[in-house]
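Below, each chain spelled out in residue letters.
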Amino acid sequence: MQNSYAIGIDVGGTNTDIGLVRDDSKIVARRSLPTGNYALLEPYVQDIMDQIKEMAAEGDPEKGVASLGVAELTGIGMGAPNGNFYTGCVEWAPNLPIRGLLNFKEEFAKHTNIPFVLSNDANAAAYGEYVYGGAKGMDHFIMITLGTGVGSGIVVDGRLVHGSTGTAGELGHNILIPNGRRCTCGRKGCLETYTSARGIVQTYVELRKEKGTPAEAERMEGWIKEGIQDKDITCKMIGDAANAGDPLALETYRMVGDWLGLACANACTFSAPQAIFLMGGPTKVGDPLLIPLRESFEANLLNIYKNKCDIYMSHLDSNEVAILGAAALIKLKI
C-alpha cells in the first residue's frame, strides 16, 4: 500500500517548524523559519511554501520516493496560538510578531489548492495524540499542555470540540482562585497563572519570601553561591531542585499538582473523558508533580467518574508532537 504524506506546521513566537509527515507518523523532512523575522503575513507564507516545495521535491529517501510534488500532498495542517478552525485565521495572538487578524487559509489558497486546516496549538496536540499517540482508539479524552501558558484540546465522540466560535476548550482560563493572580487574558485567578511555567516560578518565589531559604537545601545553597536571583529562576531549575530533594521545590510542585488535579477532576464533569493526557516542559519533572496531581484528581473526582478516567503523559516525542499534531489536523473529523 502506497504511503501518503501531509505537511505539519507549528507556529511559535520564536520559530516556525515545518515537517513532511508520512501516514505512519514518521517525519521524513523538516525545516524551521525564524518567526520573528516577519512583520507581514504575505512574505511569511511565501517562505513557508518555498520550504514545503523543497521538502516535497526531496521526497522520502527511506521509501525510495525521489519526489512528491506539492499536489500529491494530502494537505497542510497548521497549529498556531489563537488559531480558529472555522475561519482559518489566527486572531490577535499576543506572542506573534505579525499582529492582527491573520487569514492563513486565504493566503495559502493563493499558492496551492490542496486542503489547508488550522487550529490552535493545543487542539493540534490533542489530535496528534488521537491519530499517532496514546489516544488511538479513544473517542473521549482531554489533552492539557503546560508551557508558557496552559492550553487544552478536548475530543468527544472522536471529534475536537470547537464550540460556536471555534475557540472552545480554554481550560487554562477557567478561574481556579477568584480574585487571584492577574492573567495575561485580563482576568484574575486563571488556572494558567498557577500551573504554567511562569506560574510555577511565581509560586516558588512566593514560598521563598514566605518561608526563607532553608539551610538544608543543598541545591538552593548552590544557587546562592552562584548569585542566582529570583528573576533568574526558571521552571526547569525548580524541577531539577525538586528531584534533588529541595523542600521548597517539592512544596511548589505539591501545590501545582493539587491545583492541576482539581482542574482535571472538574474537567471530567463536562466531557466524561476516558483519559487525560499531559504534555509540556513542566511535566518532565515527573513524580514531584504527578504524584500530588493524581492524589488531588482522585480526591476531587465526582464518584460517577471514579476508576473510569486515567491520567497519562503524552506518548509522542516532545520534539515531534507539534508537527505531528498539525499534520494530524488533515484527518480531522468534521
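Structural data are supplied above this passage.
Everything numeric in this text was worked out from a predicted model, so none of it was measured. (Residues numbered from 1 in each chain as written. Predicted model: local features only at pLDDT ≥ 70, side-chain atom pairs only at ≥ 80, totals over all residues. Heavy atoms only, no water.)

A.B. asks: I'm lost on the overall build of the protein in this one. Help?
C.D. replies: Of the regular secondary structure elements, the protein holds 10 helices and 13 strands. Relative to the compact-globule value of 20 Å for 334 residues, the protein shows a C-alpha radius of gyration of 21 Å, a close match. Among the 334 residues that make up the protein, the fraction classed as buried is 54%. In the protein, the proportion of contacts linking residues at least 24 apart, taken out of those at least 6 apart, comes to 62%. Accessible area for the protein stands at about 15000 Å²; split by element, carbon and sulfur atoms hold 50% of it. (Helix = DSSP H or I, 4+ residues; strand = E, 2+ residues; numbered from the N terminus. Rg over C-alpha atoms; globule rule 2.2 N^0.38 Å. Buried < 20%, exposed > 50% of the residue type's maximum accessible area, 1.4 Å probe, protein only. Contact = heavy atoms within 4.5 Å. Areas by Shrake-Rupley, 256 points an atom, 1.4 Å probe, with all protein chains shown as cover.)

A.B. asks: What's the story with the environment of Gly12 in this structure? I'm lost.
C.D. replies: Assignment of secondary structure puts Gly12 in the loop between β1 (5–11) and β2 (15–22). In the structure, Gly12 is positioned 314 residues away from Ala326 in sequence and 12 Å away in space, judged by C-alpha atoms. Discounting chain neighbours no more than four positions away, the residues touching Gly12 are Thr35 and Leu96.

A.B. asks: When you look at the sheet that holds strand β3 (residues 27–34) in this model, what are you seeing that I'm missing?
C.D. replies: Think of a sheet as strands paired side by side through backbone hydrogen bonds, with each pair either parallel or antiparallel. The five strands lie next to each other as β3-β2-β1-β4-β8, forming an open sheet whose pairing is mixed. The sheet terminates laterally at β3 and β8 (116–120), the two strands that pair on one side only. The average angle at which neighbouring strand axes cross in this sheet is 15°, direction not considered. Strand direction decides the pairing type here: β1 and strand β4 (residues 76–80), joined by four bridges, are parallel. Opposite Gly8, over in β4, you have Gly77 as the bridge partner. Relative to β3, helix α1 (residues 41–58) is tilted by about 155°, and along the sheet it contacts β1, β2, β3 and β4. Lying over the sheet, helix α3 (residues 121–132) contacts β2, β4 and β8, oriented at roughly 115° with respect to β8. (Pairing = 2+ DSSP bridges. Axes fitted to C-alpha atoms, helices over the stretch in contact; angles between N-to-C directions.)

A.B. asks: Is there a simple way to explain the environment of Thr87 in this structure?
C.D. replies: The topology assignment puts Thr87 in the loop between β5 (83–84) and β6 (89–91). Thr87 gets classed as partly exposed once you look at its relative accessible area, which sits at 37%. Ignoring anything within four residues of it in the chain, the contact list for Thr87 reads Asn103 and Lys105.

A.B. asks: Hey, could you run me through the pattern of salt bridges in this one?
C.D. replies: Pairs can form between side chains of opposite charge once their charged atoms are near each other. Enumeration according to the criterion identifies 13 salt bridges in this entry. The salt bridge partner of Arg208 is Asp230, with a shortest N-O separation of 2.9 Å. Here Arg208, found in helix α5 (residues 197–211), pairs with Asp230, found in the loop between α6 (218–225) and α7 (235–243); they are 22 residues apart in sequence, far enough to count as distant. A single salt-bridge network, built from bridges that share partners, covers Arg22, Asp24, Asp60 and Glu62. (Salt bridge = Lys/Arg side-chain N within 4 Å of Asp/Glu carboxyl O.)

A.B. asks: When you look at the nonpolar core in this model, what are you seeing that I'm missing?
C.D. replies: Taken as a class, soluble globular proteins show a tendency for nonpolar side chains to be buried jointly. Ile144, Ile238, Tyr253, Ile276 and Phe297 are the most contacted members of the largest nonpolar core, which has 43 residues in total. At the level of secondary structure, the elements contributing two or more residues to this core comprise β9 (141–146), β10 (150–156), α5, α7, α8 (247–271), β12 (275–279) and α9 (287–300). If we skip the residues at most four places from it in the chain, Tyr253 touches Ile200, Cys235, Ile238, Gly239, Ala242, Pro282, Val285, Pro288, Leu289 and Pro292. (Core = buried A, V, L, I, M, F, W, Y, C linked by side-chain atoms within 4.5 Å.)

A.B. asks: What's the story with α7 in this structure? I'm lost.
C.D. replies: Along an α-helix, residues three or four apart share an orientation, since each turn contains 3.6 residues. Burial in α7 covers these residues: Cys235, Met237, Ile238, Gly239, Ala241 and Ala242. One or two residues past the end of α7 sits Gly245, with phi positive at roughly 95°.

A.B. asks: Quick question: what am I supposed to make of the side chain of Thr252 here?
C.D. replies: Along the chain, the position of Thr252 falls in helix α8. Of the polar contacts made by the side chain of Thr252, one reaches the backbone oxygen of Leu248; its length is 2.8 Å. Excluding its chain neighbours within four sequence positions, the residues that come into contact with Thr252 are Ile200, Thr203, Tyr204 and Leu207. (Polar contact = N/O pair within 3.5 Å; in protein donor to acceptor, adjacent residues only side chain to side chain.)

A.B. asks: Sorry, what's going on with helix α10 (residues 321–328) here?
C.D. replies: Judged by how many residues are buried, α10 sits mostly within the fold: seven of eight residues are covered. Those residues of α10 not exposed but buried are Val321, Ile323, Leu324, Gly325, Ala326, Ala327 and Ala328. Looking at the buried residues of α10, the elements they touch are β1, β2, β3, β4, α3 and β12.

A.B. asks: Help me understand unusual backbone geometry, please; the structure alone is not making it clear to me.
C.D. replies: If a residue is not glycine, its phi is most likely negative; likewise, a peptide bond is most likely trans. Phi is positive for Asn179, close to 60°, though the residue is something other than glycine. Topologically, Asn179 is positioned in the loop between β11 (159–160) and α4 (192–195). When its relative accessible area of 69% is taken as the criterion, Asn179 is described as exposed. A positive phi angle, near 65°, is found at Asn307, a position not held by glycine. Position of Asn307 among the secondary structure elements: in the loop between α9 and β13 (310–313). Look at Asn307 and you get exposed, because its relative accessible area is 76%.

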